[in-house]
Amino acid sequence: MKRSIGFLTFLIFACTAKPLYSQERSRAPADNIGGQPVQPKSSKTTILPIEHHFWDKENDLLFAGVAAARTLDYFSTLNMRRRGRQEIFLTNDAVDNHAGFAAIEAGATGVSIGASYIFHRYGHHKLERWTSIVHVGLATTGAVRNYSLKTAHTAVAVTRP
Ligand SMILES: [Zn+2]
């Protein structure tokens, strides 16, 4: 889950780009101060990126990928716990409560989709897609790492009579 914290930090930094974008847009009406009707700029300079619906095919696939990656993270974490390893991003108690941990994973998926929506809403369509791509990459890497961890063998003291 520390990955998720890093991911959220990335999103917060990315969101700070928004005020700059707003300033850029507010300049346009100032061109009309002279009272002369302003010709719409030629199509050469004002080609706007084509808007897309938020729930388009690409986002459907990306969000399904995020959900799949979180599911993989869920099962790999439980597998790691069964093999005696310690959870490092959350507490062991949070992970060992399976329903609660599943809710955390679902929440992480929801936060990711929400962040994508915010980027979409403010016209940052590349960041919107990259949010899911980065999330899938990090969660999958974490899951592979969980499965790769060696099983912890704890020594048990046996006293013989
Ligand atoms: Zn978009």
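**Student:** Please give an account of the overall build of the protein that cites residues and values.
**Tutor:** Secondary structure summary: the protein contains six helices and zero strands in total. Within the protein, buried positions represent 20% of all 161 residues. Here the analysis covers contacts within the protein between residues at least 6 apart in sequence; of these, 74% occur between residues at least 24 apart.

**Student:** Report on the confidence of the model for the protein, specifying residues and quantitative values.
**Tutor:** The share of residues in the protein with pLDDT of 70 or more is 67%, and the mean pLDDT across the chain is 80. At the low end of the mean pLDDT range in the protein sits helix α2 (residues 18-26), at 44; at the high end sits helix α5 (residues 98-121), at 97. Per-residue pLDDT stays below 50 along residues 8-13; that stretch engages in two contacts with residues further than four places along the chain or on separate chains. Considering only residues more than four positions removed or in separate chains, one finds that residues 15-28, a stretch of pLDDT under 50, has three contacts.

**Student:** Tell me about the packing of helix α3 (residues 57-82) against α5, and name the residues and values.
**Tutor:** Running from N to C, α3 and α5 cross one another at 155°; their axes reach a closest spacing of 10 Å. What the angle tells us is that α3 and α5 run roughly antiparallel. For the pair α3 and α5, the crossing hand works out as right-handed. When α3 is examined against α5, the residues Asn 59, Phe 63, Val 66, Ala 67, Arg 70, Asp 73 and Tyr 74 are found in contact with a partner set consisting of Phe 101, Ala 102, Glu 105, Ala 108, Thr 109, Ser 112, Ile 113 and Ser 116.

**Student:** I'd like a description of the nonpolar core, backed by residues and values.
**Tutor:** Core analysis: the largest hydrophobic core is formed by six residues, namely Leu 62, Val 66, Ala 69, Val 136, Ala 139 and Ala 143. Elements with a minimum of two residues in this core: α3 and α6 (125-148). Apart from the residues within four sequence positions on either side, Ala 143 is in contact with Leu 72, Asp 73 and Ser 76.

**Student:** Residue-level account of the environment of Gly 142, with values.
**Tutor:** Mapping Gly 142 onto the fold places it in helix α6. We classify Gly 142 as partly exposed; it has 19 C-beta atoms within 10 Å. Sequence separation of Gly 142 and Ala 69 is 73 residues, and the distance between their C-alpha atoms is 9.4 Å.

**Student:** Outline the packing of α5 against α6, listing residues and values.
**Tutor:** Where α5 contacts α6, the two axes come as close as 7 Å, and the packing angle between them is 165°. Judged on the interaxial angle alone, α6 and α5 are roughly antiparallel. Crossing angle aside, the handedness with which α5 passes α6 is right-handed. Touching Ser 112, Ala 115, Ser 116, Phe 119 and His 120 of α5 are His 125, Leu 127, Glu 128, Thr 131, Ser 132 and His 135, all from α6.

**Student:** Can you break down α5 residue by residue, with the values?
**Tutor:** The terminal C-alpha atoms of α5, which comprises 24 residues, lie 34 Å apart, in line with the 34 Å expected from a rise of 1.5 Å per residue. Residues of α5 that are buried: Phe 101, Glu 105, Ala 108, Thr 109, Ser 112, Ala 115, Ser 116, Phe 119 and His 120. One or two residues past the end of α5 sits Gly 123, with phi positive at roughly 85°.

Analysis parameters
- Residues numbered from 1 in each chain as written.
- Predicted model: local features only at pLDDT ≥ 70, side-chain atom pairs only at ≥ 80, totals over all residues.
- Helix = DSSP H or I, 4+ residues; strand = E, 2+ residues; numbered from the N terminus.
- Buried ≥ 20, exposed ≤ 12 C-beta atoms within 10 Å, placed from the backbone.
- Contact = placed C-beta atoms within 7 Å.
- pLDDT = per-residue confidence, 0-100.
- Axes fitted to C-alpha atoms, helices over the stretch in contact; angles between N-to-C directions.
- Parallel < 35°, antiparallel > 145°, perpendicular 65-115°, else oblique.
- Left-handed = near helix turned anticlockwise from the far one by under 90°.
- Core = buried A, V, L, I, M, F, W, Y, C linked by C-beta atoms within 7 Å.
- Expected span 1.5 Å × (residues − 1).

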